[in-house]
Amino acid sequence: MAGGIVVFAYSEVGHACLELLLNRGEKVAALFTHEDDAGERQWFQSCSALAEDHGIPVFTVEPRDGDEVERIVADLAPDLILSFYYRKMIPERILKLARLGAFNMHGSLLPRYRGRAPLNWAIINGERETGVTLHVMVKAADAGDIIDREAVPIGPEETAGEVAKRIPAAAVAIVARQIEALKTGTAPREKQDESKVTYFGIRKPEDGRIDWSQPARRVADLVRAVTAPFPGAFTTLRGRPLMVWRVRVAAGEGRPGEVLSLAPLLVACGSGAVELVHFGFAGEGEAEASHAVRAALVRGDMLGVEA
């Protein structure tokens, strides 16, 4: 029977929101999700497994204009399309197949931080607040009318992984507040203020390279933004990759990247210094400070200088 909700979802937010819909007894007609990447750490629960446990058809084909996704969604004739941390743009022609509209959960307080990796970018930029926004999906990414928002604080020393643990609850709160209005076509809409838009692009592991010429606070924010479960910040010691998983801002001055002391391990930045707390050569893991690195260092060594 036609109708119901077609869900596009992935990651922990996708799992939490899909679980809410299923626990409420909503008619979920199908789930579109992604194949897990063998090269990516899976720190989140599986949307596929959750859907399969409830007898929901699962599709991993990606939505491109004129592809199989359009045919499947057209056959389902859904009332709603809901997207929760799905990683691909859904073509406008597919969005229009939902009778009551298509809506996306974005990981920032729109209109700020449109684009990819919004939580990581927010921490890199020293923000003290992030959140999630449910908005109308349109052709342009993250540009549609706002339905609802929920703020999540960022502590001054919190990592992206720590903040991310609170994001699913914020997303679920929005869905719980708005699902009935979405189903009746009466959800509130607020146009985004284009004068306040900021946009940030995808991040890659190589973007975690530490620039020691930056101020100490900026270096610390990068480290906490990309530390585990993300790929991590890194530098080099005599050309050998050195992962930096946690630091503290400290007093000190010297040439950017200079090892100022060994106990504690202080490294000079463009202004101020950071103490390396958890670190290790690539492949050692991020659990604790590396004895191998300490044994290799001498005061005055320069980090980030290629051999």
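Residues numbered from 1 in each chain as written. Predicted model: local features only at pLDDT ≥ 70, side-chain atom pairs only at ≥ 80, totals over all residues. Heavy atoms only, no water.

**What about the pattern of salt bridges?**
Counted under the stated rule, the structure contains 21 salt bridges. The shortest N-O distance in the salt bridge between Arg 99 and Asp 79 comes to 3.1 Å. Remark: Asp 79 occurs in the loop between helix H3 (68-76) and strand E4 (80-84) and Arg 99 occurs in the loop between helix H4 (92-95) and strand E5 (102-106); sequence separation between them is 20 residues. On the accessibility criterion, Arg 99 (59% relative accessible area) is exposed. Between Arg 246 and Glu 162 there is a salt bridge, and its shortest N-O distance comes to 3.5 Å. Taken as a pair, Arg 246 in strand E11 (residues 240-250) and Glu 162 in helix H6 (residues 160-164) lie far apart in primary sequence, 84 residues in all. Residue classification places Arg 246 among the partly exposed residues on the basis of a relative accessible area of 31%. Looking at Glu 162, the relative accessible area reads 31%, which means it is partly exposed. (Salt bridge = Lys/Arg side-chain N within 4 Å of Asp/Glu carboxyl O. Helix = DSSP H or I, 4+ residues; strand = E, 2+ residues; numbered from the N terminus. Buried < 20%, exposed > 50% of the residue type's maximum accessible area, 1.4 Å probe, protein only.)

**Some thoughts on the pairing of strand E13 (residues 265-268)**
Neither face of E13 is open: one carries Leu 265 and Val 267, the other Leu 266 and Ala 268, and all of them are buried. Where strand E12 (residues 259-262) lies against E13, 3 bridges are found, and the strand directions are antiparallel. Across the sheet, residue Ser 261 finds its bridge partner in E13, namely Leu 266. Bridge count for E13 against strand E14 (residues 273-281) is 3 bridges, and the pairing is antiparallel. Across the sheet, residue Leu 266 finds its bridge partner in E14, namely Glu 275. (Pairing = 2+ DSSP bridges.)

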